[in-house]
Amino acid sequence: MLRSRELAVNYSQHIPRKMLRKIHGDVADVYVLLFIDMSKKILIAEDEQDLIRLLKYNLEKEGFRVSSVTDGSLVLAEIRREEPALLILDVMLPGMDGLEICRQMRRHDKFGGIPILMLTARSGEADRVVGLEIGADDYVTKPFSMRELIARVRALLRRHEPVQQQNSVQRGSLVIDPSAHAVSVAGKQVELSALEFRLLLHLASNPGLVFSRDQLLDRVWGNDRSVTPRSVDVYIRRVREKIETEPQQPAFLQTVHGVGYRFAARAD
């Protein structure tokens, strides 16, 4: 097995100079971090060539692999060819718009969990909520800071990492397996995005306790959050639609009016 310094030398030609300057203190640890980033592919679906080049340059400088498509009708085919760790998706695309792409991905068993960061020129809250309701994980309006976008990308990838808790949680017919990132209701598998999974796991792990929207933002989204308290309602509604027999009369995720949400103390 190669020693740390030999390992760094062998791979140094693949590491950006900016990152090399950071490894003087501990070569091995930082090399491992860079290797993980290099293994993550990001797909950009955007029709502005100048913006694609700018995104590609900055993402590759951070160590990611990047590919791009300019026509919405090609996005799903590109994902089938090589599944990305994250999709940066423009709302206004020729061929198929970003909202429809997002809808189709969230209905797909294999691709339903891929994090989606949407780009749009529309900055209104209503537009943001629509994007979140159909399954986007985050939303950035143009023009945007490249540093902010990179931070959002890293935040989404961190949130998509497997949950560390290993023990399964069973509440009535609902079973949550953190190690497999799997959810089933009455034996039927349910596909949840990474954020939906974390939200459900947090509430189900604390049955009967009421959490305000701000508390859920702090405990589920943490310091990476870029959503508003109202967005929590969107995620709750999305999870209900997937796990509840009657989403309008939820048996699991209950609303405590004027306070927040709780997982039922006794879920049948």
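Parameters at a glance
Along each chain, the written sequence defines residue order, and numbers are assigned to residues from 1. Since the coordinates come from a predicted model, pLDDT governs what is reported: local features require at least 70, and pairs of side-chain atoms require 80 or more to be given and counted, while whole-chain, interface and lining totals use all residues. Side-chain descriptors were evaluated using all non-hydrogen atoms of the structure, hydrogens and water having been removed beforehand. As a rule, the C-alpha atoms of each element are fitted with a line to give its axis, helices using only the stretch in contact, and angles between N-to-C directions run from 0 to 180 degrees. Strands here mean DSSP runs of E at least two residues long; helices mean DSSP runs of H or I at least four residues long; both are numbered from the N terminus. Angles below 35 degrees are treated as roughly parallel, those above 145 as roughly antiparallel, those between 65 and 115 as roughly perpendicular, and all remaining angles as oblique. We call two residues in contact whenever any of their non-hydrogen atoms come within 4.5 Å of each other. Residues are grouped as follows: Ala, Val, Leu, Ile, Met, Phe, Trp, Tyr, Cys and Pro are nonpolar; Asp, Glu, Lys and Arg are charged; every other residue, Gly included, is polar. Strand pairing is assigned whenever DSSP detects at least two bridges linking the two strands. In the sections that follow, a salt bridge refers to a side-chain nitrogen of Lys or Arg positioned within 4 Å of a carboxyl oxygen of Asp or Glu. A simple rule labels every residue: compare its accessible area, found with a 1.4 Å probe on the protein chains alone, to the largest value its type can have, and call it buried under 20%, exposed over 50%, or partly exposed in between. When the strands point away from the viewer and the connection leading from the first strand across the helix to the second strand turns clockwise, the crossover is called right-handed.

What to know about the packing of helix α10 (residues 213-221) against helix α11 (residues 229-243)
Logical step 1: Interhelical geometry of α10 versus α11 gives an angle of 75° and a closest axis separation of 9 Å. Accordingly, the angle class assigned to the pair α10 and α11 is roughly perpendicular. Two secondary-structure elements touch here, α10 through Arg213, Asp214, Leu216, Leu217 and Trp221 and α11 through Pro229, Val232, Asp233 and Tyr235.
Logical step 2: Partitioned by chemical class, the residues of the contact of α10 with α11 number six nonpolar, no polar and three charged.

Considerations on the sheet that holds strand β4 (residues 116-120)
In sheet architecture, strand pairing relies on hydrogen bonds along the backbone and comes in two forms, parallel and antiparallel.
Logical step 1: Read from one edge of the open sheet, five strands run β2-β1-β3-β4-β5, paired in parallel fashion. One side of each edge strand has no neighbouring strand; the edge strands of this open sheet are β2 (65-69) and β5 (138-141). Strand after strand, the sheet turns through a mean of 20° between neighbouring axes, direction not considered.
Logical step 2: As paired elements, strand β3 (residues 86-90) and β4 share four bridges and run parallel to each other. Considered in β4, the bridge of Asp90 is made with Leu119.
Logical step 3: Seen against the sheet, helix α4 (residues 49-61) touches β1 (41-45), β2, β3 and β4 and runs at an angle of roughly 170° to β1.

Quick word on unusual backbone geometry
Logical step 1: The omega torsion of the bond from Lys142 to Pro143 falls at -10°, within 30 degrees of zero and hence cis.
Logical step 2: Structurally, the position occupied by Pro143 is in the loop between β5 and α8 (146-159).
Logical step 3: Of note in this structure, His181 is not a glycine but carries a positive phi near 50°.

Describing the packing of helix α9 (residues 194-204) against α11
Pairs of packed helices are described in terms of their axes, by the angle between the two and the distance that separates them.
Logical step 1: Relative orientation of the contacting elements α9 and α11 amounts to 85°, with a least axis distance of 10 Å. The angle between the axes of α9 and α11 places the two elements in the roughly perpendicular class. Within the contact between the two elements, α9 uses Leu195, Glu196, Leu199, Leu200 and Leu203 and α11 uses Tyr235, Ile236, Arg238, Val239, Lys242 and Ile243.
Logical step 2: Partitioning the contact of α9 with α11 into residue classes produces eight nonpolar, no polar and three charged.

Re the pattern of salt bridges
Logical step 1: Going through the model one piece at a time under the given rule, you end up with 19 salt bridges.
Logical step 2: Here Arg103 makes a salt bridge to Glu100, at a shortest N to O gap of 3.4 Å. With Arg103 and Glu100 both in helix α6 (residues 98-107) and three residues apart, this pair spans about one turn of that helix.
Logical step 3: A salt bridge links Arg152 to Asp138, with the nearest nitrogen and oxygen atoms 3.2 Å apart. Pair noted here: Arg152 is in helix α8 and Asp138 is in strand β5, with a separation of 14 residues, a long-range link. Summarising the burial analysis for this pair, Arg152 and Asp138 share the class buried.

Considerations on the sheet that holds strand β9 (residues 188-190)
Logical step 1: Strand order in the open sheet formed by four strands is β6-β7-β8-β9, and the pairing between neighbours is antiparallel. Each edge of the open sheet carries a strand with a single partner, namely β6 (169-171) and β9. Strand-to-strand twist of the sheet, defined as the mean angle between neighbouring strand axes without regard to direction, takes the value 20°.
Logical step 2: Looking at chain direction, strand β7 (residues 174-177) and strand β8 (residues 182-185) are connected through four bridges and run antiparallel. Directly across from Leu174, in β8, lies its bridge partner Val185.
Logical step 3: Contacts from α9 reach β6, β7 and β8 within the one sheet, and its direction differs from that of β7 by about 115°.

Brief notes about the pairing of β2
Logical step 1: Bridge count for β1 against β2 is five bridges, and the pairing is parallel. Residue pairing in the sheet places Ile44 in a bridge with Ser68 of β2.
Logical step 2: Between the parallel pair β1 and β2, the chain is carried across by α4, and the sense of this crossover is right-handed.

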